[in-house]
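Commentary on secondary and tertiary structure
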Protein chains: 2
Amino acid sequence: MIAEDAATLFGVLSNSDRLDVIRALVEAGPDGMSAGNIALKIGASPSRTSFHLNALSESGILQKERRSRNLNYRINFKTIGALINFLMEDCCKGSAELRDCCTMR
Amino acid sequence: MIAEDAATLFGVLSNSDRLDVIRALVEAGPDGMSAGNIALKIGASPSRTSFHLNALSESGILQKERRSRNLNYRINFKTIGALINFLMEDCCKGSAELRDCCTMR
DNA sequence: CTTTTATTTCAATGATTCTTGAAATAATAT
DNA sequence: ATATTATTTCAAGAATCATTGAAATAAAAG
């Protein structure tokens, strides 16, 4: 991953609503959740939720799939993992000091 | 760490210049670098560099210390580590799937 | 084929962030 | 004291991002 793409992904994560969406989808498990249920869960209007869902899926953090009337979203952990790898390995050159600060080690 | 603080930190990381600063300081090692040398290294004007250094140290990603005429900056890995922990443990609830995507595991 | 449900798109507005270059501050050296 | 070096601060403007509510689209049901 190049720095510009990482910067874009960090930008997508730099919003509480979007972090709430990720949390809701992690809780929901591998089947994901519909846009409407996500909106209810995070307490935001449909259009506001849609705006954030678009940023998240545009960047590859979420994947969407239509299921009849609903649009179902689920997390794509590969993208989040790639971003963490960029930060730890690329950007911080695998720093041992940083690794020691991380619980998963 | 609460979601709002994490969102702020992600916002600080959402800029290529600032990622370049972090990379330069990781390369520089534990002694860090002066603002002027950072500006030279990342190829940005002094005031622009100062703007980004301020965002980085304000958020706790960098620490600064005056050394006579120079202001010396170095990385505070604790903050970056705490953010990675938030993302992996808090936000993604320690997801095994996410952990499997990370090289450090 | 009209209505209902689910969601997105759009335009307008407000808020935040970034860049630039000039001026201000801080420390040191002459 | 004055000049030099290092860095920040500031104001102005441009660019990007977020929110709102109304209108548009998509699918399904009556």
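Above this text you will find the structure in question.
What you see is a predicted model, and the numbers here were worked out from it, not measured in a lab.

**Thoughts on the overall build of chain A**
Helix and strand content of chain A: six helices and three strands. Taken from N to C terminus, the helices and strands of chain A fall in the order α-α-β-α-α-β-β-α-α. For chain A, the C-alpha atoms occupy an extent of roughly 50 × 25 × 20 Å along the three principal directions. Residues classed as buried in chain A amount to 51% of the 105 residues present. Put simply, 51% of the contacts in chain A that link residues at least 6 apart link residues at least 24 apart. Summing over all exposed atoms, chain A offers an accessible surface of approximately 5100 Å²; the carbon and sulfur share of this is 46%.

**Looking at the protein's contact with DNA strand D**
In the vicinity of DNA strand D, 20 residues are found, and the nearest of them are His52(A), Gly36(B), Ser47(B), Asn70(B) and Tyr73(B). At a separation of 3.3 Å, a phosphate oxygen of DNA strand D approaches a polar backbone atom of Leu71(B). When contributions to the surface near DNA strand D are tallied by element, the ones reaching two or more residues are helix H2 (16–28) and helix H4 (46–58) of chain A together with helix H3 (35–42), helix H4 (46–58) and strand S3 (70–75) of chain B. Here the element with the most residues in the surface near DNA strand D is H4(A); it accounts for four residues. Of the residues contributing to the surface near DNA strand D, the split by class is five nonpolar, nine polar and six charged.

**Quick look at the protein's contact with DNA strand C**
Among the 20 residues in the neighbourhood of DNA strand C, the closest are listed as Gly36(A), Ser47(A), Asn70(A), Tyr73(A) and His52(B). When atoms of DNA strand C within 4 Å of the protein are split into backbone and base, the sugar-phosphate part holds 67%. Contacts to DNA strand C include Leu71(A), whose backbone N or O atom sits 3.4 Å from a phosphate oxygen. A distance of 3.2 Å is found between a base oxygen of DNA strand C and a side-chain nitrogen or oxygen belonging to Ser47(B). Broken down by secondary-structure element, the contributors of at least two residues to the surface near DNA strand C are helix H3 (35–42), H4 and strand S3 (70–75) of chain A together with helix H2 (16–28) and H4 of chain B.

**Describing the sheet that holds strand S1 (residues 33–34) of chain B**
Residues and elements named next belong to chain B. Strand order in the open sheet formed by three strands is S1-S3-S2, with antiparallel pairing between adjacent strands. Edge positions in the sheet fall to S1 and strand S2 (62–67), since each has one partner strand and no second. The sheet contact formed by S2 and S3 spans six bridges and is antiparallel. Along S3, the bridge assignment pairs Arg66 with Leu71. Running at roughly 90 degrees to S3, H2 makes contact with S1, S2 and S3 of the sheet.

**Some points on the packing of helix H1 (residues 3–13) of chain B against helix H5 (residues 77–91) of chain B**
All names here are of chain B. Put simply, H1 and H5 touch, their axes get as near as 10 Å, and they point 120 degrees apart. With respect to H5, the element H1 is oriented oblique. In the packing of H1 onto H5, the handedness of the crossing is left-handed. Seen from H1, the contacting residues are Ala3, Ala6, Leu9, Phe10 and Leu13; seen from H5, they are Thr79, Leu83, Phe86 and Leu87. When the residues that make up the contact of H1 with H5 are grouped by side-chain class, the tally is eight nonpolar, one polar and no charged.

**Let's talk about the environment of Val21(A)**
All names here are of chain A. Mapped onto the elements of the fold, Val21 is located in helix H2. When the C-alpha atoms of Val21 and Glu58 are compared, they prove to be 14 Å apart, with 37 residues separating the residues in sequence. When residues no more than four places from it in sequence are discounted, the contact partners of Val21 are Ile38, Ile42, Leu53, Leu56 and Leu62.

**A look at the pairing of S3(B)**
Residue and element names in this part refer to chain B. Strand direction decides the pairing type here: S1 and S3, joined by two bridges, are antiparallel. Paired with Ser34 across the strands is Asn72, a residue of S3. In textbook terms, the turn of a hairpin is the stretch between consecutive antiparallel strands, and for S2 and S3 this stretch comprises two residues, one of which, Ser68, has a positive phi near 55 degrees.

**Observations concerning the sheet that holds strand S1 (residues 33–34) of chain A**
Spatially, the three strands line up as an open sheet ordered S1-S3-S2 (chain A), and their pairing is antiparallel. Among the strands making up the open sheet, the edge pair consists of S1 and strand S2 (62–67) of chain A.

Quick notes on the rules
- Residues numbered from 1 in each chain as written.
- Chains lettered and ligands numbered in written order.
- Predicted model: local features only at pLDDT ≥ 70, side-chain atom pairs only at ≥ 80, totals over all residues.
- Heavy atoms only, no water.
- Helix = DSSP H or I, 4+ residues; strand = E, 2+ residues; numbered from the N terminus.
- Buried < 20%, exposed > 50% of the residue type's maximum accessible area, 1.4 Å probe, protein only.
- Contact = heavy atoms within 4.5 Å.
- Areas by Shrake-Rupley, 256 points an atom, 1.4 Å probe, with all protein chains shown as cover.
- Near = heavy atom within 4 Å.
- Polar contact = N/O pair within 3.5 Å; in protein donor to acceptor, adjacent residues only side chain to side chain.
- Nonpolar A, V, L, I, M, F, W, Y, C, P; charged D, E, K, R; others polar.
- Pairing = 2+ DSSP bridges.
- Axes fitted to C-alpha atoms, helices over the stretch in contact; angles between N-to-C directions.
- Parallel < 35°, antiparallel > 145°, perpendicular 65-115°, else oblique.
- Left-handed = near helix turned anticlockwise from the far one by under 90°.

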